Every structure is written in C-alpha cells, then in structure tokens.
Amino acid sequence: MITLHTWGTPNGHKISIALEELGLDYDVRKVNITRNEQFDPAFLALNPNNKIPVIVDSDGPDGRPITLFESGAILIYLAEKTGRLLATDARERYETLQWLMFQMGSVGPMLGQAHHFLRFAPDVIPYAIERYSKEATRLYGVLNGRLRGRDWLAGATYSIADIATFPWIARHEWQGIDLARYPEVKRWFDTIAARPAVQRGLEVAR
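Note that the structure is predicted; figures quoted are calculated from it, not measured.

**Student:** I'm lost on helix 1 (residues 10–22) in this one. Help?
**Tutor:** One turn of the α-helix equals 3.6 residues, which is why residues spaced by three or four share an orientation. Its 13 residues give helix 1 an end-to-end C-alpha distance of 18 Å, which sits within 8% of 18 Å, the value for a rise of 1.5 Å per residue. Helix 1 sits mainly inside the fold: 12 of its 13 residues count as buried. Burial in helix 1 covers these residues: Pro-10, Gly-12, His-13, Lys-14, Ile-15, Ser-16, Ile-17, Ala-18, Leu-19, Glu-20, Glu-21 and Leu-22. Positioned one or two residues after helix 1, Gly-23 has a phi angle of 70 degrees, which is positive.

Following this line, the structure appears as structure tokens:
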C-alpha cells in the first residue's frame, strides 16, 4: 500500500494523477500547508525539505518500505514500479526524462513564482511581476512549439512528462496566460483534462 502525503497544489496533483492513472491502491494523508503542517516533526521525518508530496510505499523495490520525496523522483519510481508511463526504449526514455526535467527545472519553479507575485505577494512588485510574466509567456511558447504536430511532450504515448506538466498549465489563469494564444498547448491540455483518471486525481486533497 502507498501512503500519499499531499495537498491540493500542482506538485501534489502530479502524484495523485499518476496513482489514478496507474490504478494503484493508496491512502491520502493531507498536509495542510496553509497551516504550516509541513513543518510538523512527523512530516519533517519524511521530508527534511518540508515540501509535499511524499509517498511511503510499504512494498518497496526490495520488499521493504521506501519513503520518497520530490515529485519527479516519485513519478519515475511509480513508472518503474508498474512498467508504465515511461518507455523502456532508451531513446524515448531519455526524451521523456528530458521533458520531465524541463518541468521540474523551468515550468514548475518559474510558473510558481508567477503565481506568487501575481496572486499572493503582500506587496505589488512591478519588476517581479514583469520578470515572471515574461518567463511564463516564454515557457508557453516553448511548449506550444514542442507540441506542434505531436500529441504528447515526449515519445509516442502519454507519459510522466505530460502528467508532471499538466497541473501547472491547469493554473494558466493564475499566470496571466490566455491559453487560446497557444493552440497546441490548449489541444494537449484539453485532451489530458478529459481523462477520467486525471479528473479523479485533481480532486485528491483539493
């Protein structure tokens, strides 16, 4: 059994979507980050970096429990555990990992900053708003170009790269982005949003 420690954020939704897509049994432990529950000693024992999500799998690779944090690492683990959502062909596998790292290194951090300065910062900081709004626009352009003429971000099938990126695009309005300006992203987004497992995953800890 997998225990998912999470909250209703894009990074949390990545893992609940993957678990739903893979049909794995899991329990949910909500970590209310609006009440700073991520700093509780019990949670810090699971992730000293005080971030969700975290999984604890009672049936780890060697039959013993394993605890994992960092959403990208968790997605790779779940894909390898089930043999799904990550190609075994070496070229396609690395292509998928490349776009997963693009999400982790660019899409998540930069769009997260756009969220903060556009919606949550206690003071209006024009420089920060302009900087991260421009970067959001640039990243959507990269994704739109990548998706031109292809169904998925990497390889021939839906993968953990798509799952990782989708929840951040789901908050495009928070980033000041009109999705209609990026038709390839919108087509890809609408296709994923229609998946029943994605819809279930988005409701977890919302």
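So much for the structure itself; the text now carries on.
**Student:** In this structure, what is going on with the pairing of strand 3 (residues 54–57)? I would like to understand it.
**Tutor:** Side-chain direction in a regular strand flips from residue to residue, so the side chains alternate between the two faces of the sheet. Two elements, strand 1 (residues 2–6) and strand 3, share 4 bridges in a ladder whose sense is antiparallel. The residue of strand 3 that forms the bridge with Thr-3 is Val-56.

**Student:** What should I look at first to understand the nonpolar core in this one?
**Tutor:** In a soluble, globular protein the nonpolar side chains are often hidden away together inside. In this structure, Ile-55, Leu-78, Ile-169, Val-185 and Trp-188 are the most contacted members of the largest nonpolar core, which totals 51 residues. Going through the elements one at a time, strand 1, helix 1, helix 3 (71–82), helix 4 (90–120), helix 5 (126–147), helix 6 (160–169), helix 7 (183–193) and helix 8 (196–203) are the ones with two or more residues in this core. The dominant element in this core, judged by the number of residues it contributes, is helix 6, at 7 residues. Discounting chain neighbours no more than four positions away, the residues touching Leu-78 are Ile-2, Ile-15, Ala-18, Leu-19, Leu-22, Leu-24 and Ile-55.

**Student:** What should I look at first to understand helix 5 in this one?
**Tutor:** End to end, helix 5 covers 32 Å across 22 residues, agreeing with the expected 32 Å (1.5 Å per residue, within 8%). Turning to helix 5, its buried residues are Ala-128, Tyr-132, Glu-135, Ala-136, Leu-139, Tyr-140, Leu-143, Asn-144, Arg-146 and Leu-147. Summarising the contacts, the buried residues of helix 5 are in contact with helix 4, helix 6 and helix 7. Gly-149 sits one or two positions beyond helix 5 and adopts a positive phi of about 80 degrees.

**Student:** Help me understand the packing of aromatic side chains, please; the structure alone is not making it clear to me.
**Tutor:** Ring pairs (aromatic) are described by centroid distance and by the angle formed between their planes. Across all of its chains, the model carries 6 aromatic pairs by this definition. Geometrically, the ring pair formed by Tyr-140 and Tyr-182 is tilted, given 5.4 Å between the ring centres and 45 degrees between the ring planes. In this pair, Tyr-140 sits in helix 5 while Tyr-182 sits in the loop between helix 6 and helix 7, placing the two residues 42 residues apart along the sequence. The burial state of Tyr-140 is the same as that of Tyr-182; both residues are buried. A cation sits over an aromatic face here: Arg-171 above Trp-174, 4.4 Å from the ring centre. Positioned above the aromatic ring of Tyr-158 is the side chain of Arg-195, whose terminal nitrogen or guanidinium carbon lies 3.9 Å from the ring centre.

**Student:** Sorry, what's going on with the pattern of salt bridges here?
**Tutor:** One side chain can pair with another of opposite charge once the charged atoms of both are near each other. Going through the model one piece at a time under the given rule, you end up with 12 salt bridges. Put simply, Asp-57 and Lys-81 hold a salt bridge, and the shortest N to O gap is 2.9 Å. Taken together, the residues Asp-57 in strand 3 and Lys-81 in helix 3 connect sequence positions 24 residues apart. For Asp-57, a relative accessible area of 1% puts it in the buried group. Note on Lys-81: relative accessible area 35%, which makes it partly exposed. One salt bridge connects Glu-95 with Arg-146, and the closest N-O pair in it is separated by 3.5 Å. Of this pair, Glu-95 sits in helix 4 while Arg-146 sits in helix 5, and the two are 51 residues apart along the sequence. Each of Glu-95, Arg-146 and Arg-150 takes part in a single network of salt bridges with overlapping partners.

Cut-offs and rules
Residues numbered from 1 in each chain as written. Predicted model: local features only at pLDDT ≥ 70, side-chain atom pairs only at ≥ 80, totals over all residues. Heavy atoms only, no water. Helix = DSSP H or I, 4+ residues; strand = E, 2+ residues; numbered from the N terminus. Expected span 1.5 Å × (residues − 1). Buried < 20%, exposed > 50% of the residue type's maximum accessible area, 1.4 Å probe, protein only. Pairing = 2+ DSSP bridges. Core = buried A, V, L, I, M, F, W, Y, C linked by side-chain atoms within 4.5 Å. Contact = heavy atoms within 4.5 Å. Phe/Tyr/Trp six-rings, centres within 6.5 Å; stacked < 30°, edge-to-face > 60°. Lys NZ or Arg CZ within 6 Å of the ring centre and 35° of its normal. Salt bridge = Lys/Arg side-chain N within 4 Å of Asp/Glu carboxyl O.

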